[in-house]
Amino acid sequence: MFGFGKLRFRGVDKKIISDQEHIDDYNAAEAIGRVRLGKLCLYYRDLGRKYYVPYDYIQRSFTRISEVQPDDSPAYFYYRLILVHDNAEFANLIFNKEEEVDRIHAELKLRNPDIAYGYVPPADGKERPKFR
């Protein structure tokens, strides 16, 4: 009656979709951490919402490593999958294992060979805001 329990996805254009084709693709997609790689799109969860990103929208991906140094214990690392479109980072997904991020990069390259890999610093040397 109210649509509770029905999958809905928010796109990079802020449009919300809930069509059966994307629901079936999401359910059949390979899950790697909080990311799912379907035939149509990459899906991920962030702050309680599910997002979809068509593979042709992603222009670049790279890994950013964040080190956390607690007071009384050894340092530990977070591995962030960063997705870029038009030189702006639009997704920053945190993983505990570097292997998961590396596997996603490899799968993205298989699904869309035009996706570039690696960080590119700004031409003018000034740091841009991380998200739009």
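Refer to the preceding data block for the structure.
The model shown is predicted, which means the values in this text are computed figures rather than measured ones.

Reading guide: rules and limits
- Residues numbered from 1 in each chain as written.
- Predicted model: local features only at pLDDT ≥ 70, side-chain atom pairs only at ≥ 80, totals over all residues.
- Heavy atoms only, no water.
- Buried < 20%, exposed > 50% of the residue type's maximum accessible area, 1.4 Å probe, protein only.
- Helix = DSSP H or I, 4+ residues; strand = E, 2+ residues; numbered from the N terminus.
- Pairing = 2+ DSSP bridges.
- Contact = heavy atoms within 4.5 Å.
- Axes fitted to C-alpha atoms, helices over the stretch in contact; angles between N-to-C directions.
- Expected span 1.5 Å × (residues − 1).
- Core = buried A, V, L, I, M, F, W, Y, C linked by side-chain atoms within 4.5 Å.

Draft legend 1. Structural view of the pairing of strand E9 (residues 88-95). Taking burial as the measure, the eight residues of E9 include six buried ones, the bulk of the element. Relative to E9, strand E8 (residues 76-85) is paired through seven bridges, and the arrangement is antiparallel. Its bridge partner being in E9, leucine 81 is matched across the sheet by leucine 93. Between E8 and E9, which pair antiparallel in sequence order, lie two residues; one of them, aspartate 86, sits at a positive phi of approximately 50°.

Draft legend 2. Fine view of the sheet that holds E8. Strand order in the open sheet made by the four strands is E9-E8-E7-E10, with mixed pairing throughout. Each edge of the open sheet carries a strand with a single partner, namely E9 and strand E10 (116-117). Of the strands in this sheet, strand E7 (60-68), E8, E9 and E10 touch helix H2 (residues 98-111), which is tilted by about 175° from E7.

Draft legend 3. Expanded view of H2. Between its first and last C-alpha, H2 extends 20 Å over 14 residues, near the 20 Å set by a 1.5 Å rise per residue. Of all the positions in H2, only Val101, Ile104, His105, Glu107 and Leu108 are classed as buried.

Draft legend 4. Representation of the nonpolar core within the structure. Val35, Leu42, Tyr44, Leu81, Leu83 and Leu108 are the most contacted members of the largest nonpolar core, which has 20 residues in total. Breaking this core down by element, the ones donating at least two residues are strand E4 (35-37), strand E5 (41-46), strand E6 (49-54), E8, E9 and H2. Sort the elements by how many residues they give to this core and E9 lands first, with four residues. Excluding its chain neighbours within four sequence positions, the residues that come into contact with tyrosine 44 are Arg34, Val35, Arg49, Lys50, Tyr51, Val53, Phe90, Ala91 and Leu93. If you look at the next biggest cluster of nonpolar residues, it comprises eight residues, including Leu7, Phe9, Ile17 and Tyr26.

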